[in-house]
Each structure stands twice: as structure tokens, then as C-alpha cells.
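What follows is each chain in one-letter form.
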Amino acid sequence: MIPVPEEKPETGAEQSSAERPESGLEPRGSEPARPAEPVVAGRERKGMFGVSGTGDTSGYGGLRLPAYSPPPAERPYGGWFDDFADEFYAALADNGIPAEAILQVTVDRGEITFYVAREHLVAICRTLRDDAGLRFELCSSVSGVDYGVDVPQRLHSVYHLTSMTYRRRIRLEVTLDVEDPHVPSIVDVYPTADWHERETYDMFGIVYDGHPALTRILMPDDWDGHPQRKDYPLGGIPVEYKGAEIPPPDTRRSYS
Amino acid sequence: MTTSDRLADATTGTDTTPEGADSVGYAAHRETTEGRVYTVSGGDWDDVLSDAAHDERMVINMGPQHPSTHGVLRLVLEMEGETVTQLRSVIGYLHTGIEKNCEYRTWTQGVTFVTRMDYLAPLSNEMGYCLAVEKLLGIEAPRRAQLLRVLLLELNRIGSHLVYIATGGMELGATTAMTLGFREREEVLHLLEHLTGLRMNHAFIRPGGLAQDMPEDFHEAVTEFCKVMDERLPLYDKLFTGQPIWRNRLKGVGYLPVDACLALGVTGPVLRSAGLPWDLRKVEPYSCYDEFEFDVPTSNDADCWARYLIRVEEMHQSLRIVRQVLKKLEPGPVMVEDKKIAWPAQLSISSDGMGNSLEHVRKIMGQSMESLIHHFKLVTEGFHVPPGQVYVPVESPRGELGYHLVSDGGTRPLRVHVREPSFVNLQSMPAMSEGGLVADVIAAIASIDPVMGGVDR
């Protein structure tokens, strides 16, 4: 489950589009995004060369690398991100969506990511599409990511939205437990998400509640399992080339 | 006639009564020297059809093995007479698990996979993937590499649009379109083979730049190609643009206005045919595209005809860009300087296909132990990519081709997701064809020009 903060926010009921601040300021009644439980996007590493146990003669056996966690961004985000964030939070307040719906903001490599609470996802998308200052007309892509078996909230549903009016791109991300992989479907807002969500369901087993026909799309209907999960084997076979046998790619040594 | 005479009739349903025993139900006949001739008259076809049209719903499976569905695409059509009342596309027949496979290969090896997805625009795939990897790494390809990428991409765009005319024409019955289109495409493939070593699946654009520089005579080869295309492209106008059959098959067919395009996520020539000049080469220029002069053709008709005209015009514009690249090119490196990323390759053709040239291998082996170790590490282990995720879109011949790459800091991608324009655009098939005739379904698919290798990945 997505942790929802205990205290209910005082959403600025008096907030309206007309009262939006000119620049740089957070609108009243809406809290700036703050990190919830840190999002984990990677696995811990130890050693090197993919060797563990007594076979490790590399001397790197004690090397420990923590799992990567995308750092929460702090104001100013830089570029158009600040203007956009002001508009976005004001629009959220206008539509009665608590600021806590945004769990974390990350700015990395010139792209902005909003980690959102899944119960507000559809309302957020609708706001992003309809608000005159945001206008994200196009949902470019919906994809799933599986960060690995040991990672908490390993499944992510990632949405890439494009504003053709303002020429901006943002990313929304919902983190999910593998035991409870339910996300509300955004097909009502973006009909193009239909096949994207079916593909993500097919490949990752993320269930999009409210989707008109959530069936497998690429794999056969009676297929078992969800192939792009990290615990689903690749199923490679060894290949002979010039007399030598090349092991399948999933059993080759992985160095990282 | 007793009951026992009719026994066979009761069990098998065949009439075993003697000939002529009960002549009431027979049609009028006359005796001739050939034997007895019956004159049969029946109901009018219009009566038959008017009965059938409203009672009989037909569900027809078109594909996946059908010459007009543009690949292994299956369309389930619900029809009344020749009118399509419902259409559903079924895909997945060409699913090869490329995205999953990429997670088990190094970042550089991924190029070899993605180039096989949209096999009519392999270089666009390579471009999107490499731009995404470069964004993750925080590097930029050298200027010469960027310009040469543009050159290759535009040649590829011409080739892809030629196949659109060829296969689209063939599906609509214009087989001359096929022979013409594939003849010109062969010119493109010959040129690409000369430049990159392979006709398709080039794997020539690599993270950090290009696999290697162009051959010495490439300037002449490209100029010669432009000259040939200048002569040949007007043929399409002569043969198709003024041709009434072609026009009547396409005009007003497969209508998809701009709001429907946006709702369904449709991009590329289909979106531009609805009047929105959305071309990522113009609106989000990458790889020096902002330095080139070219036009983005649009139309307000939003039908298959407009899409045909737009694609033909885009070929002319691509030629324009190719010529500008030739003028801008200056000598320089085609791969980043950083030896921790730059793949040390010098390709040549030998008995078992393309690979590192022997001279280059000798040089590597003979240089120093350290550089040999380094080379070995780079090729087998690959380079580490800092953790994070990016989404990089490029304008492929079919629309927005986006790469969402996630790295966890290792030498292999954690996730490669491709936003394939064919996949997304194919969703508009019901909107384009329901309520129309079944023959127009073919025109609508052809106008989307999906590549099933990209749709199913």
C-alpha cells in the first residue's frame, strides 16, 4: 500500500485560478511536495564480477553498494519546472486534490518526475489534461518497471505525458507492492492508454482497475505469468558457434 | 407408396422416392435430346439481400495471414453486408520479447536488438535508443556523428515511405505501385549498405556516435542517389496523384480529426494529415535538426489521401535535408573521445560476415597489455551507466518513437520500454473504419502504415 500521511491537509478552499501567485511562490493552502517513504529504484550490490562465496578471489567481496533511490528535488527545480509546478499545485488545489497526492518530486537529467498516490492518479491526470495552464493533451506512453525481487514496492507504473501547447514533458510514477498491484486505469482520461495498460498488465501483472477490457495483448490469452517481471526467466538456450558452446544470455556472467 | 419405401428418407434425409413420383415441387421442364432440362427461376437478389442485411451479422477474421493486413495483423470485423459495424485489432503474432532480451545484454548490444523492431526504420530505433543511453550517460555525440545520423535517418525515412507506397498500393490493388516503390527502395537500401555495411538491421548508430566513419566515396554516392531520386520521385505524382482510381480509393476514407488523434495518441503523418504540424524534428529538435531548413507538410483533410500526399512531400523534404548535410559535413571524429565508452571498432567484411578488420585486431593485440585488457572489459562487461531513467522521443517515419530507459547503475539496462508509434497508431483502426466499407479498412490500415515488428516487439 502507498503510505498516506496521517494528518489530512488543509486544502485551500478559497484558492482559485485568479489568485495564483505571479512567480516562484507556492500557492496558499497547498503544501510543497515532500518525500514520503524513499522510493527505491535499484538493487543493492555487493562484490564484483558477479562472483560470490568462496569462489571470489577478486578481493572485492566486501564491496557493498546501497540501492539507488532517486533523490527528492528541492526548489528551485530550474528551467520551466518551477513555473509548471506552481501551475500544477494551484490546479490541484482548484480541483480539490490534496497536495499529499504528490509523494515526491525528482528532477534528474532535465526530466521531472512526480511520484503520485494511486488513489488520486485519475484526478491528477484529468487536471493535467484539462487545466488551461497545463494542457497535457497527449499521453505518450504508459509502461511498467520491475525493480527486482528484493526491492520494496518493486513495481512501478510510469506515465509520460506531453503538453503540445507548452511543449513540455513530465513523468508520473506510481509505486506498487507486488502483492497488491492495483492502479486505477486512466483510459477514461486518455483513451490511448488502453493498449499501453493492456501491455503493462500482460508483461508485469499490474492490474488497471476500471480498464474496459484488461486482457493480454502480446502474449497468448492462456499464458502463465508475466514475462517482464525480474523473477520470470528469460528461457535462453545454449548456442554452438565455431565449435564452442555459448551459454544462454541469462546464465552468462553478469558483471554488475 | 408404403412407409418402408421412405425409410431412407427418415433416417438420412435423402429423398428416395422414384423419379417423377411427386412432380408437384419440380420446376417446369422439357424433354430434349440431351435429356430432361429444368428451367429454374427464383427470388430476386435484392429480396435476398434485404432480408440478409439486417438479420445476418457476419464476423470475419481478416488475417493474421492475409496479404492486405500489412503484416501479421489480425482484424476481427463484424459486418452487415459490406459495412463494417465493429472492428477489433488483434496483435501479438510477432512478439519476440526484445524488451526483455535487452535486459540481459550490455547497453551497446541493445542497439542490435532495437534495430530489429521497426524493421522499415531501423535507424530511427537505433537513434532513439542511443540518444536515450547518451542522455543517461550525460554525453553528446560529436558534431560529425550527429550530422551523419541525420543523413542516415533521412535516407531511411525515404526508404520507409517508399515501402508505404509500395505495400499500400499493392493492398489496394495497384501492383505497379509495388514494383515502383520497391525499385526505388532498393536504391535506398543499396546506398545504406554502402554506407553502413548492411541493408537493414544496421546497428550502425552506437551509444556515443557511429560505429565508424563513412567510406571515402560516400559524398559521390549520396549525390548520385539524390540525382536518381530527383528523377524518380516525380514519377509518383505522375502515376498516382492525378490518377482517379487512386484518388477515389483514398479520398474521404479513414477520416480521423485532430481531437481523435490526440485522444488516441496518434502521431506522425496521420496527425499531420489532421492539420497539426507536430514533427519532433521541428518542435523538439535533436541531433542538429534545428540547423536544417525543411518544411513540415500538413493538410486539413484528415483522410488517407492527405496522408499519401504528406508522405510523398516528406520524401522531397528528406532529400532536401540530405543535401544540406552534405554541405555542412566537416572532417572530425564520429565517436566520443572517452575510451571508457567508445567501442573500439573498425569494421570490414570477411568470409563470415561483417566484423572487426584483421588489421584493427592486430593493432589492438599488438599495442599494449593494458589496452587489450581494457578492450576486453569494454566488449564483454560493457560500460556502467549511472542510475536513473530517461524518456527520449524521436520522429520516426511513423510518429513519435520514444525510449524509456531505466538504469540501476549496472552495465545492462534495468528496463527498456519502447513507445512504438505503430503500436499506438493501430489503436485508431476502429475509429477510422467502423461504419465504412470493408474495402476502406484496407485503405485505412495502409494509411497508418504499421510495422508489425514494431507493434509486437
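Residues numbered from 1 in each chain as written. Chains lettered and ligands numbered in written order. Predicted model: local features only at pLDDT ≥ 70, side-chain atom pairs only at ≥ 80, totals over all residues.

A. Region of the structure containing the pairing of strand β1 (residues 28-32) of chain B. Residues and elements named next belong to chain B. In terms of residue burial, β1 counts as a barely covered element, since only zero of its five residues are buried. Sheet topology places β1 next to strand β2 (residues 35-39); five bridges connect them, and they run antiparallel. The residue bridging Glu31 from the neighbouring strand is Arg36, located in β2. Turn length for the β1-β2 hairpin, with the two strands adjacent in sequence and antiparallel, is two residues. (Buried ≥ 20, exposed ≤ 12 C-beta atoms within 10 Å, placed from the backbone. Helix = DSSP H or I, 4+ residues; strand = E, 2+ residues; numbered from the N terminus. Pairing = 2+ DSSP bridges.)

B. Up close: the sheet that holds strand β6 (residues 155-163) of chain A. Residue and element names in this part refer to chain A. A sheet is described by the order of its strands in space; here five strands give the open sequence β3-β4-β7-β6-β5, paired in mixed fashion. Only two strands of the sheet have a single partner each, and these edge strands are β3 (102-108) and β5 (138-146). On average, each strand axis in the sheet is tilted by 20 degrees relative to the strand beside it, whichever way the strands run. Here β3 pairs with strand β4 (residues 111-116) via six bridges, running antiparallel. Bridging across to β4, Val107 finds its partner in Ile112. Along the sheet face, helix α3 (residues 193-204) touches β5 and β6 and points at about 5 degrees away from the line of β5. (Axes fitted to C-alpha atoms, helices over the stretch in contact; angles between N-to-C directions. Contact = placed C-beta atoms within 7 Å.)

C. Structural context of the nonpolar core. By size, the foremost hydrophobic cluster in this structure holds 170 residues, and its most contacted members are Val116(A), Ala132(B), Val133(B) and Ala444(B). No other element matches helix α6 (residues 143-171) of chain B, which puts 15 residues into this core. Two domains share this core, each providing at least three of its residues, namely domain 1 (49-88) and domain 2 (97-335 + 387-456) of chain B. Ala444(B) has contacts with Val253(B), Gly254(B), Cys304(B), Met429(B), Met432(B) and Ser433(B), leaving out every residue within four places of it along the chain. (Core = buried A, V, L, I, M, F, W, Y, C linked by C-beta atoms within 7 Å. Domains from an automatic or database assignment.)

D. The arrangement of the environment of Leu192(B) in detail. Residues and elements named next belong to chain B. Relative to the assigned elements, Leu192 resides in helix α7 (residues 175-196). Each C-alpha atom of the pair Leu192 and Leu152 lies 7.6 Å from the other, and the pair is 40 residues apart in sequence. Setting aside anything within four residues of it in sequence, one finds Leu192 in contact with Leu155, Arg199 and His202.

E. Representation of the interface of chain B and chain A in the model. Tallying the contact residues gives 40 residues for chain B and 35 residues for chain A. Class assignment of the residues belonging to the side of chain B that touches chain A gives a composition of 15 nonpolar, 13 polar and 12 charged. (Nonpolar A, V, L, I, M, F, W, Y, C, P; charged D, E, K, R; others polar.)

F. Molecular detail of the packing of helix α5 (residues 122-137) of chain B against α6(B). Residue and element names in this part refer to chain B. Running from N to C, α5 and α6 point in directions that differ by 145 degrees, and their axes come no closer than 8 Å. Contact residues: Leu123, Ser124 and Met127 in α5; Arg149, Leu152, Leu153 and Asn156 in α6. Broken down by class, the residue content of the contact of α5 with α6 amounts to four nonpolar, two polar and one charged.

G. Quick look at the domain arrangement of chain B. All names here are of chain B. Along its sequence, chain B is carved into domain 1 (49-88) and domain 2 (97-335 + 387-456). Taken over C-alpha atoms, the centre of domain 1 sits 30 Å from the centre of domain 2. Facing the 16 residues of domain 1 at the interface are 17 residues of domain 2. Those elements that provide at least two residues to the side of domain 1 that touches domain 2 are β4 (74-80) and β5 (83-90). With six residues, β5 is the single largest residue contributor to the side of domain 1 that touches domain 2.

H. Broad picture of the packing of α6(B) against helix α13 (residues 304-328) of chain B. All names here are of chain B. One can describe the packing of α6 onto α13 by two numbers: an axis separation of 9 Å at closest approach and a directional angle of 160 degrees. Classified by the angle between their axes, α6 and α13 sit roughly antiparallel to one another. Note on packing geometry: the crossing formed by α6 with α13 is left-handed. On α13, the residues touching Leu147, Val150, Leu151, Glu154, Leu155, Arg157, Ile158, His161 and Tyr164 of α6 are Arg311, Glu314, Met315, Ser318, Leu319, Ile321, Val322, Val325 and Lys328. (Parallel < 35°, antiparallel > 145°, perpendicular 65-115°, else oblique. Left-handed = near helix turned anticlockwise from the far one by under 90°.)

I. Quick look at unusual backbone geometry. With an omega of -10 degrees, the peptide bond running from Arg75(A) to Pro76(A) counts as cis. The backbone phi angle of Arg109(A) is positive, close to 55 degrees, even though this residue is not glycine. For Arg109(A), the position within the fold is in the loop between β3 and β4. A positive phi angle is found at Ala302(B), which is not glycine, with a value near 55 degrees. Its location among the elements puts Ala302(B) in the loop between α12 (280-283) and α13.

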